[in-house]
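Residue-level structural notes
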Amino acid sequence: QVQMVESGGGLVQAGGSLRLSCAPSRRASVTYAVGWFRQAHGAEREFVAAIGRSGEHALYADSVKGRFTISRDFAENTVYLEMNRLNPNDTAVYSCGKGYGLGPYSAREQYDSWGQGTQVTVST
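Residues numbered from 1 in each chain as written. Predicted model: local features only at pLDDT ≥ 70, side-chain atom pairs only at ≥ 80, totals over all residues. Heavy atoms only, no water.

1. A word on the packing of aromatic side chains
Quick note on the threshold: For this analysis, a ring pair means two rings from Phe, Tyr or Trp (six-membered ring only for Trp) whose centres lie within 6.5 Å, classed as stacked if their planes differ by under 30 degrees, edge-to-face if by over 60, and tilted for the remaining angles. Helix numbering and strand numbering both begin at the N terminus, where a helix is a DSSP run of H or I of at least 4 residues and a strand a DSSP run of E of at least 2. The classification of residues rests on relative accessible area computed with a 1.4 Å probe and restricted to protein chains. Under 20% of the type maximum is buried, over 50% is exposed, and intermediate values are partly exposed. The rule for a charge over a ring is simple: NZ of Lys or CZ of Arg within 6 Å of the ring centre, and within 35 degrees of the ring normal.
Using the criterion set out here, one finds 5 aromatic pairs in the structure. Measuring from ring centre to ring centre gives 5.6 Å for Phe37 and Tyr111, while their planes differ by 65°; the resulting arrangement is edge-to-face. One end of the pair, Phe37, is in strand β4 (residues 34-39); the other, Tyr111, is in strand β10 (residues 111-112), with 74 residues separating them in the sequence. Aromatic pair Tyr105 and Tyr111: ring centres 6.2 Å apart, planes at 70°, arrangement edge-to-face. Look at Tyr105 and you get partly exposed, because its relative accessible area is 22%. Taken together, the ring pairs in this structure connect Phe37, Phe47, Tyr105, Tyr111 and Trp114 into an aromatic cluster. In this structure, Arg19 packs its charged tip against the face of Tyr80, placed 4.1 Å from the ring centre. Over the ring of Trp114 we find Arg45, and its NZ or CZ is 4.5 Å from the ring centre.

This is the structure:
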């Protein structure tokens, strides 16, 4: 069973940047869509960004459009989430999931094999 593993979180000041990484626990024979979701303390998990299996198509939540960029490196078998102009509302645990089909999707139900998540904290 492939599990996703996230890394790259941390503490950053408002206006700063972070790059998150998402990779499978072991290399799979096929690629898959990947979605990033986040959950702030006391809130529901919400969609952030997703990339399709081919890497050609991406989706973003309105709250991160123009600030976040999702990409994938097939050679490294890794999906990245570049986050710029961070603000305190971006503080959350960020998790990635492996998607079914071609993707990308914004629905949480389209993903499984979630990782433990990585904490992103944006200070004022």
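2. Description of the nonpolar core
This is how it is decided: Definition used in this section: a nonpolar core is a set of buried Ala, Val, Leu, Ile, Met, Phe, Trp, Tyr and Cys residues joined via side-chain atoms within 4.5 Å.
Ranked by internal contacts, the top residues of the largest apolar core, which has 30 residues, are Val34, Trp36, Val48, Phe68, Leu81, Met83 and Tyr94. Looking at this core, the elements that each hand over two or more residues are β3 (18-24), β4, β5 (46-51), β7 (68-73), β8 (78-83), β9 (92-99) and β11 (118-123). A per-element tally of this core places β5 first, with 5 residues.

3. Quick word on the side chain of Glu6
For clarity, the cut-off: His is not counted, nor are the chain ends, whereas Lys and Arg count as positive and Asp and Glu as negative. Any carboxyl oxygen of Asp or Glu that lies within 4 Å of a side-chain nitrogen of Lys or Arg is treated as forming a salt bridge with it. Counted as a polar contact is a pair of N or O atoms within 3.5 Å, where, for protein atoms, one must be capable of donating a hydrogen and the other of accepting one, and residues adjacent in sequence contribute only when both atoms are in side chains.
Tracing the sequence through the fold places Glu6 in strand β1 (residues 4-7). For the buried Glu6, no salt bridge is present, and the opposite-charge side chain at shortest range is Arg45, 7.3 Å distant. Side-chain polar atoms of Glu6 contact the backbone nitrogen of Cys96, separated by 2.8 Å. Among the polar contacts listed, one links the side chain of Glu6 to the backbone nitrogen of Gly117, at a separation of 2.9 Å.

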